[in-house]
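Observations on the model geometry
Next come the chains, spelled out residue by residue.
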Amino acid sequence: MLLPLLNRLFSGKISMVALTAGMAAYQRGDRPTARRLLVIASAAAPHDSDMHDRASAAASQAGDHRLALDLLTNASRADPGNSDFQVRAALAQCALGDEQGAARRCEEAITRTTDRDPGFVLMRLLAQLRLPGPSNAEVLMAIHNWRRPRTYVEIGVAAGDSIV
């Protein structure tokens, strides 16, 4: 209770200093110190989704998926309409081996989406979690390799990716 008040009095400097120091600790390989500092930053600015976003990115990059998940959960509380936080939290849960929890998180994010389209990334992640197995591209590639056609026409290659 006191830390957020002090952070406000010092114009957010406590959370920013702790965040910066935590990121530096990750870079030099000092995970325990990094975790402590990012927890302090989170406690100092519980409603600052941008700070939680930056802290979670640093934790995720360092392979600290447990802390990244906690920070993304805090970011989601601060900005519940941001589905990117939910997607990244679901990815952190997957990295921790909790695919069912990740799928539930995706479903919750879809129900909270205020616009009509929850987004391609979120829907693709949920599909991968609920329907495990090879992707469409992998299935098409297997058929292509099996049949070995002389010509091949692809229609609708979304992002320009092709199987051949």
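Residues numbered from 1 in each chain as written. Predicted model: local features only at pLDDT ≥ 70, side-chain atom pairs only at ≥ 80, totals over all residues. Heavy atoms only, no water.

This next bit is on the environment of Ala45. Relative to the helices and strands, Ala45 is located in the loop between helix H3 (31–44) and helix H4 (49–61). What makes Ala45 buried here is its relative accessible area of 8%. In the structure, Ala45 is positioned 31 residues away from Ile14 in sequence and 8.6 Å away in space, judged by C-alpha atoms. (Helix = DSSP H or I, 4+ residues; strand = E, 2+ residues; numbered from the N terminus. Buried < 20%, exposed > 50% of the residue type's maximum accessible area, 1.4 Å probe, protein only.)

Together, Val139, Leu140, Ile143, Trp146 and Tyr152 give the surface a local cluster of nonpolar side chains, amounting to about 510 Å² of exposed area. Considering the arrangement of structural elements, one finds Val139 in helix H9 (residues 136–147). On the basis of relative accessibility, which here comes to 38%, the residue Val139 falls in the partly exposed class. (Patch = residues over 30% accessible without salt bridge, like charges linked within 9 Å, V, L, I, M, F, W, Y side chains within 5 Å. Areas by Shrake-Rupley, 256 points an atom, 1.4 Å probe, with all protein chains shown as cover. Salt bridge = Lys/Arg side-chain N within 4 Å of Asp/Glu carboxyl O.)

Looking at the protein chain, the pLDDT average stands at 86 and 90% of residues meet or exceed 70. Here helix H1 (residues 2–9) stands out as the least confident element of the protein chain, with mean pLDDT 68; H4 is the most confident, with 94. (pLDDT = per-residue confidence, 0-100.)

Going through the model one piece at a time under the given rule, you end up with five salt bridges. Of the charged contacts, one joins Asp64 and Arg35 as a salt bridge, the two residues approaching to 2.8 Å between their closest N and O atoms. Residue Asp64 is located in the loop between H4 and helix H5 (65–78), and its partner Arg35 is located in helix H3; the two are separated by 29 residues in the primary sequence. Residues Arg130 and Glu107 are paired through a salt bridge, measuring 3.0 Å at the closest nitrogen-oxygen approach.

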